[in-house]
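# Descriptive structure summary
In case you want the letters, here they are:
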Amino acid sequence: VQIVESGGGLVQPGGSLRLSCAASGFTFRNYDMRWYRQAPGKERELVAGITSDGGNTNYADSVKGRFTISRDNAKNTVYLQMNSLKPEDTARYYCRAIGIFVYWGQGTQVTVSS
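The text that follows walks through the structure, step by step, so that each part is easy to find. Sequence order as written defines the numbering, with residues in each chain counted from 1. Residues qualify for local features only when their pLDDT is at least 70, as the model is predicted, and side-chain atom pairs are given and counted only at 80 or more; totals for whole chains, interfaces and linings, by contrast, use all residues. The basis for the side-chain values is all heavy atoms of the structure; hydrogens and waters are excluded.

Further remarks concern unusual backbone geometry. Of note, the phi angle at N76 is positive, near 55°, even though the residue is not glycine. Numbering of helices and strands runs from the N terminus; a helix is a DSSP stretch of H or I covering at least four residues, while a strand is a stretch of E covering at least two. Residue position: N76 is located in the loop between strand 7 (67-72) and strand 8 (77-82). Its identity as a non-glycine residue notwithstanding, S84 has a phi of 50°, on the positive side. With respect to the secondary-structure elements, S84 resides in the loop between strand 8 and strand 9 (91-98).

The following block contains the structure:
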């Protein structure tokens, strides 16, 4: 099983990034997917989630209207489009697969700074 996040980097406030989470080794289409983030000295928090068929999504209040989660089951990939980024969005972003088993990726760093 592999879950690999990518797309992180350094961006100025107000900018955008698109994170990707590529999964392999399990039946991706049967798993709900979630993005979490963890800033230094803080607990890991849920950012966004999407059901296995992509029919339902949910977001943390802090990112509603700015972030969009989506998935492509044909590509075994989930995305997080992040717009209007703020310095407080700086964190390491993790992908989590939830189904019969639970899998985590290693994360990708997002830094929002001028």
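That was the structure; now back to the text.
Right, let's get into the nonpolar core. Of all hydrophobic cores here, the largest spans 30 residues; its most connected members are M33, W35, V78, L80, M82 and Y93. Of all elements in the fold, only strand 3 (17-24), strand 4 (32-38), strand 5 (45-50), strand 7, strand 8, strand 9 and strand 11 (108-112) reach the threshold of two or more residues within this core. Any two residues whose heavy atoms approach within 4.5 Å at even a single point are treated as in contact. Look past the residues within four positions of M33 in its chain and what remains in contact with it is C21, F28, A48, G49, I50, I69, R71, V78, C95, R96 and A97. Definition used in this section: a nonpolar core is a set of buried Ala, Val, Leu, Ile, Met, Phe, Trp, Tyr and Cys residues joined via side-chain atoms within 4.5 Å. Residue burial is assigned from relative accessible area. The probe radius is 1.4 Å, only protein chains are included, and a residue is buried under 20% of its type maximum, exposed over 50%, and partly exposed in between.

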